[in-house]
Each structure stands twice: as C-alpha cells, then as structure tokens.
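Here are the chains, one letter per residue:
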Amino acid sequence: MPQSFPTTDGPSEAFPGFPGLGAVLTEADAARVAAEGLWAPGGTVHPEAVRFGQTVVTALLADGTPPEGSLPAALAERIARVRGLALPGYHRVETTDGLRLSAFSLRQLGPGPHPLVVVPAGWTPYGWALLPGACLALALRGYHVLAYTPRGLGLPGLPTTSEGRVDVAGPYDVADGSTLVDFGIEHFAPAVTGFLGASYGSGIGRLVAAHDERVAAVAALSTWGNLATSLYAHRTRHLAAVKALIGLTGGPVEERFDEENRRILDDLLNDRNLDAFVRWAERRSPETYTDLTDDHATPTFCSHTWHESLFAVNQTVAAFDRLRVPKRLNLWIGDHGAPEGAGLLGASPGGPDPVLDEAYAWLDHHLKGERNGVGEWDEVCAQVMFTYVTGPAPDPAARRIVVPAVRESRPTWQDVTTGHEVLGLTGDGAGGADGRLVPAEPAEGTTGWRRTFLAGVDTEATAMDEPLRTGQAEWKGSPKVYDTRKIDRRHALAWATEPLSAPGGGPVGRRIRGVPRLRLTVRSTAASTGLVAHLFDVAEDGTAHLVTHEPLNVHDLAPGRDTTVTWCLQAAAYDVPAGHRLMLVVDSKDPLYGDASVTWTRTALGSPPEAASYLELPLG
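In this text the structure is predicted, and so the values were computed from the model without any measurement.

Caption draft 1: Quick peek at the layout of surface pockets. Quantified by volume, the second largest pocket comes out at close to 220 Å³. Lining the second largest pocket are 16 residues, and of these D537, H545, Y574, P577 and H580 lie nearest its centre. Those elements that place two or more of their residues in the lining of the second largest pocket are β25 (543–554) and β27 (572–577). The leading source of residues in the lining of the second largest pocket is β27, at four residues. A class-by-class count of the residues in the lining of the second largest pocket yields ten nonpolar, four polar and two charged.

If you want it as structure tokens, here you go:
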C-alpha cells in the first residue's frame, strides 16, 4: 500500500520514500537476512539486506502506524516503542562547502537533556538505510540519534544519497562530521555527543573525534587504524580490497572521486607512485592522530575480525595499542561487517548480541555515566577460532552455531601473548614431499638447505574463496575447508609438524595467541618474487582450516644471491586440537594481492647457517 510521509517539525524535510519498495517484511525475511548477512556474491550488498533496511526506515518515517502484518511482530513492537519515545526526521544537512548530506534522526521527546550519538554510514551506496537496527537500539537506550551518509556515496533516486564526491575519510569528511555535531547541538541540545560507526563510518568517527574535542566517546566496528598498511603492506598491494571498495561506492570512479583521489587510486591499482599513496592514506588514518585522541582522552571502543579481507587485523591492533585513553578491542571470527551486519539492520534474532550490546554499553558508560561494569573491562577480548560447536543448518552445505565460540579477556594486547615457540624449517622434502617444522633447538637439519618451486602460478593455498563472503560463512559456523593434498607442490613449498600433543594429555595441542613471525632466505631467477605464507591447522585426514597468512613481495633480487627476509603474519587466536599438525605453505600468488612474481621463473627458499629459517609462534 502507498506510504505517506509527513513534514515533521524543526529542521526536517518530507521523506520522499524509496522507489519501487514493497511494504511487507515477514519473519522468514528477517531470518533469511540474519542468516545470509550483508554480503552477496561479487562483493556487493545483499539485495535482501537492502530491502530489509529500507523497509524498516520507511516504517519509521511513514505517517501513521504500519499495517498489521507488514513487519515481523518483534520488529513492529520495537518500532512502535521508538515512535512513542522519539520523533523521526529526515534531513538534508548542508556542509561548509555547500553540499547536502542525507541524514535521519530520532529526537527524544521526553525531558532532557539527552546524549546524542552521530552514526556515519559505511562505504556502500545505501547509506544510513543499512543502520536502522542501530538507530532503534540507541533510541530505546535514551539517545538522540543522527545517522548520515558521507559525501559522495549513494545511488541516483535514493533519498539516502549524499551529494559531492567521495573524500575517502579525508579533510572534507572530518569537517562534515563536525558539521553533523553542529547540527545535532543546534536542533537537539544534547547533554554530550558520541559517535558510533561501522567500516567507513567507524574511521570517520575516530577521525572526527581526534579533531573535535566535543566528541566524548567513540564506538568503531570493523574499523581500521592505518589505511596505508590496510591497502599496501610488505610492499604488497591489497588489490582485491581496493577493487571491492571502489565497486561499493555505487558508481564509476569518474563520478565518485575527484581528480586527485582518482589519480591516487589509479596509481595504487597500477603499481605507481606508492610513496605518494602512503602519504595520502596516512593522512586518512586514525593512527596518525593518536596524540590528538590522547590529548582529548576520548574513550575508544574498537571491534574487528581475524580474517579481514579489507582491513587486515594487524594494523588495527597496532593503532589500538598506541592509544593511551580508556579503550577496548573486541576481536571476532569472520570478516568485515559479518559480526555486526544483522544487528545494524535490525534483523538479528532476539537475545543477547555481544557484538553490538558491548558497543552500546561502552557509550552508556562514557556518555551517560552508567555504572555497568565497563570501567572494569579488560582492554582486549578475543574470540578463539573455531571453538564454536555447530550443528546441521537448513542449507545442507552450511552449519549453524549451537554453542558460541570461546572468548578470552586480557588486560592489554601485550598480555595476549605469554610466550613463544620457535620452529625450524628442515630441508628434507625432495621430489615434492614436505619438509618438517621442528623445535629450533636442537637445530639439526634446519640449516644448509635450499628448495625450489616455480613461481607465478596460484595454488589451492588461498586466503579465501571470495573477499567478505568466505569470512561471512566462517562467522556463521562454516569456515573454509582446505585439502592440503591438493596444494600443487610444483608451485609451493610446505613444512609440517608432527601431530601435536598437549602437556597432560589435554584437548589443545597449541594455543596460538598473537602475531606469528617468519624468516626465510630467498633467491630467484627473476629480479623480484612474491611470497605468500599460509599457516594451516591440518586434521588427521589432511583437511585443514586456515589459521593466518600474509604476503610479502621481495625486489632487487639477483641470480645466485641470497636475500633474507623476516615478516609478520596476521594476528590470530587459535586452538590447534591435539593430534592435528601445523603446516606452513609458501607459494607466490593469491587473488587478494598484487604480487611481484614472474610466471614460470624459479624461486628458491633456503636456510643458511648464518640466517636459519624459522617460524615463531606466539603462545598464550
């Protein structure tokens, strides 16, 4: 049935509605969106998630009560409660340079003052329409809410689209965030102001807080700390992440970015002027402004995932570790946006939602002064991969979680790792057989060898089948299963431990906690080569799960000359079951990355006596 949208009081405008949107959501729709998550194949937002969010927004802004049966009962009841507490509004907020940003608000009706939470939308063409669940939850907790779409994001004809060009968390985005704070103060007279955001919105919130002392607390989900090392680290371009981000803006680069930003992104895609890219990205990184955040003493809550395909976890951890403010870092199984996506939409089933509930509790403590235990929280809390218990799901190809994964709390990031184990790499493995990972002391067989593979050809040892989607399935209980026997040893080298045992015969063979480190000596018949290290947990039948990985490009090589390299793999919290083996696989390509390998050239890995090759495992 057609909806009517009133012009509400104050600064609000009439909401034009979403073109072609159906008005009915069923319980099955909500369950399907919660199960399937935000991401569809091809790195796009799932159409069902878009329809769900837009329908909830329409119900909030429509004139009158939504028709009975047009929404799931629990969701309809929440919307009714919010409409009894807060006045919805639709706005076009003018920026300092004359653009109009699309925004949505919920203004508390009861006596105030009430705190305000500003919610910048993530990097998608659908803006704040993917955030109604968060807006409802915050309003029910007594906040004024002001959600907005950052400049340049959107699709023609959608009321959630903002004008301008995408600034990629640049100075215009920071100024826009402060403009939204101005707007909120002028129209809602809040007691205090905080930010909550996911993905792009999380970084914008942290950058605004670093530059605007009026921001009293931040909650940042699927966040980044250093944009430069998110997209370019170890001399390796994270090409799949860059292409996914460009694709999610909702339009061609010529329309979405100005000339300078187009040039920077084009250089990154084409392996040019990377020093200029790093300078550009560092200006857009919360880590760069750590001192400002510390000066403002802004309490900062961060949430991230272990197997991130867009913003790899190490850079978020490093930026978090530098902060000297009240802070919290939650680490989850999965990939970007997977843990919080359904909750942000409002599609998650009833019951506790620790991913978002803890973010809201953080704001309650620091913006409302609630004595809710947040002040006694440890700084770090991490889910351990893949310690959940799963059962059959309606989709026979998937699993569902029946017992949540174990979470571990530690006072600081430094306390996550309590010791290290150094494993030497042996040179046995002629004829395509695998070498061994053995205790580095004694070092017998771990030096004086060299093994060779053909570079430039991908193998079954890949970080994921598809960015966002593989980790989304992992979050829901179905991590990717590898068959290590299918990894082509002509194009990769592998080393494995003996089956692991635990002291006292316990169920866990190794408790990996923190950042593994790898040292190898490399030479090549080409002037450069790519190395991608993968660490697997291998079961008795040869199937495996990925613990962690990381690429490294090595340049300036010469035939017959050794170069020793050391690099860190991505952080992990992983319990390797007793009886399983750890396997290190090194190949030269992965679809996520731009590699420096030359196809069909030879790369040799070795372990000279003066620079023994090793894998250093962090234990906890």
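Caption draft 2: Looking closely at the side chain of D587. Following the sequence through the fold, D587 ends up in strand β28 (residues 581–587). One buried charged residue, D587, forms no salt bridge at all, with the nearest opposite charge on K589 at 9.7 Å. Reaching out from D587, the side chain makes a polar contact with the side chain of T459 at a distance of 2.7 Å. Other than its neighbours up to four places away in sequence, D587 contacts F453, D458, T459, A461, H491, A492, G530, L531, V532 and H534.

Caption draft 3: A look at the packing of aromatic side chains. Across all of its chains, the model carries 17 aromatic pairs by this definition. Relative to W128, the ring of F15 lies with its centre 6.4 Å away and its plane at 50 degrees, an arrangement referred to as tilted. Separated by 113 residues along the polypeptide, F15 in the segment before α1 (27–36) and W128 in the loop between β5 (116–120) and α4 (132–140) bring together distant segments of the chain. Just as F15 is buried, W128 falls in that class too. Ring plane angle 90 degrees and centroid distance 6.1 Å describe the contact between W332 and W475, whose orientation is recorded as edge-to-face. Placement of the pair is W332 in strand β12 (residues 327–332) and W475 in helix α16 (residues 469–475), with a sequence separation of 143 residues. Look at W332 and you get buried, because its relative accessible area is 2%. Grouping aromatic residues by their ring pairs yields a cluster made of F15, F18, Y90, F104 and W128. For the cation-ring pair, K327 lies above F320, with the distance from its terminal atom to the ring centre recorded as 4.7 Å. Between K480 and the ring centre of Y482, over which it is positioned, the NZ or CZ distance is 4.6 Å.

Caption draft 4: Spotlight on the environment of P352. Structurally, P352 can be placed in the loop between α14 (341–345) and α15 (354–368). In this structure the C-alpha to C-alpha distance between P352 and T426, which are 74 residues apart in sequence, comes to 48 Å.

Caption draft 5: Local environment of the pattern of salt bridges. If you walk through the whole model with that rule in mind, you get 34 salt bridges. Across the salt bridge formed by R100 and E13, the nearest N and O atoms sit 3.3 Å from each other. Of the two residues, R100 sits in strand β4 (residues 100–108) while E13 sits in the segment before α1, which places them 87 residues apart along the sequence. Taking relative accessible area as the criterion, R100 reaches 32% and is therefore assigned partly exposed. Using a relative accessible area of 28% as the deciding quantity, one classes E13 as partly exposed. Across the salt bridge formed by E287 and R322, the nearest N and O atoms sit 3.8 Å from each other. Highlighted residues: E287 in the loop between α11 (274–282) and α12 (290–296) and R322 in helix α13 (residues 313–322), separated in sequence by 35 residues. Under the relative-accessibility criterion, E287 is labelled buried at 14%. What emerges from the salt-bridge pattern is a single network uniting E408, R410, R511, R513 and D575.

Caption draft 6: A look at the pairing of strand β15 (residues 399–403). Pairing between strand β14 (residues 389–392) and β15: four bridges, direction antiparallel. Note on β15: the bridge partner recorded for V389 is V403. Here β14 folds back onto β15 in antiparallel fashion, the turn holding six residues.

Caption draft 7: Expanded view of unusual backbone geometry. Between G112 and the following residue, P113, the backbone shows a cis peptide bond with an omega angle of 5 degrees. You can see P113 is positioned in the loop between β4 and β5.

Caption draft 8: View of the pairing of strand β18 (residues 435–439). Here three bridges tie strand β17 (residues 419–425) to β18, and the two strands are oriented antiparallel to one another. Considered in β18, the bridge of L425 is made with L437. As defined by bridge partners, β18 adjoins strand β21 (residues 492–496) across two bridges and the pair is classed as parallel. Looking at the pairing, G435 lines up with W495 of β21.

Caption draft 9: Here's a closer look at the nonpolar core. In terms of nonpolar packing, the biggest core is built from 109 residues, with F52, L106, W128 and L363 touching the most fellow members. Once you skip the residues sitting within four places of it in the chain, L363 turns out to touch V117, L138, Y143, F195, L196, A217, V218, A219 and K368. In this structure, A455, L552, A572 and V576 belong to the second largest nonpolar core, which totals 50 residues.

Caption draft 10: A look at empty space enclosed by the protein. Counted by the stated rule, this structure contains eight cavities of 30 Å³ or more. Empty space within the largest cavity amounts to approximately 220 Å³. Taken together, 20 residues line the largest cavity, and the ones lying closest to its centre are L38, W39, G122, T124 and S199. Residue composition of the lining of the largest cavity, by class: eleven nonpolar, eight polar and one charged. Volume-wise, the second largest cavity comes out at about 180 Å³.

Caption draft 11: Spotlight on the side chain of N553. As for its position among the elements, N553 is in strand β25. Overall, N553 belongs to the buried group, its relative accessible area being 6%. At a separation of 3.1 Å, a polar atom in the side chain of N553 contacts the main-chain carbonyl oxygen of R235. Among residues more than four places away in sequence, those in contact with N553 are H234, R235, T236, T529, G530, G594, D595 and A596.

Caption draft 12: The arrangement of a nonpolar patch on the surface in detail. Among the surface-exposed residues, V389, V402 and V403 lie close enough to one another that they form a single nonpolar patch of about 220 Å² accessible area. Among the secondary structure elements, V402 is positioned in strand β15. Residue V402 is classed as partly exposed on the basis of its relative accessible area, which comes to 42%.

Caption draft 13: Geometry of the environment of L75. Positionally, L75 belongs in helix α3 (residues 73–85). Sequence separation between L75 and E27 is 48 residues, and the spatial gap between their C-alpha atoms is 9.3 Å. Each residue touching L75, except ones within four places of it in the same chain, is listed here: F52, V56, L136 and G346.

The rules behind each value
Residues numbered from 1 in each chain as written. Predicted model: local features only at pLDDT ≥ 70, side-chain atom pairs only at ≥ 80, totals over all residues. Heavy atoms only, no water. 1 Å grid on protein atoms, 1.4 Å probe; cavity = no way out; pocket = protein on both sides within 12 Å on 5 of 7 lines; lining within 4 Å. Points joined across faces, edges and corners; volume = space filled by probe spheres on them. Helix = DSSP H or I, 4+ residues; strand = E, 2+ residues; numbered from the N terminus. Nonpolar A, V, L, I, M, F, W, Y, C, P; charged D, E, K, R; others polar. Buried < 20%, exposed > 50% of the residue type's maximum accessible area, 1.4 Å probe, protein only. Lys, Arg positive; Asp, Glu negative; His and termini not counted. Salt bridge = Lys/Arg side-chain N within 4 Å of Asp/Glu carboxyl O. Polar contact = N/O pair within 3.5 Å; in protein donor to acceptor, adjacent residues only side chain to side chain. Contact = heavy atoms within 4.5 Å. Phe/Tyr/Trp six-rings, centres within 6.5 Å; stacked < 30°, edge-to-face > 60°. Lys NZ or Arg CZ within 6 Å of the ring centre and 35° of its normal. Pairing = 2+ DSSP bridges. Core = buried A, V, L, I, M, F, W, Y, C linked by side-chain atoms within 4.5 Å. Patch = residues over 30% accessible without salt bridge, like charges linked within 9 Å, V, L, I, M, F, W, Y side chains within 5 Å. Areas by Shrake-Rupley, 256 points an atom, 1.4 Å probe, with all protein chains shown as cover.

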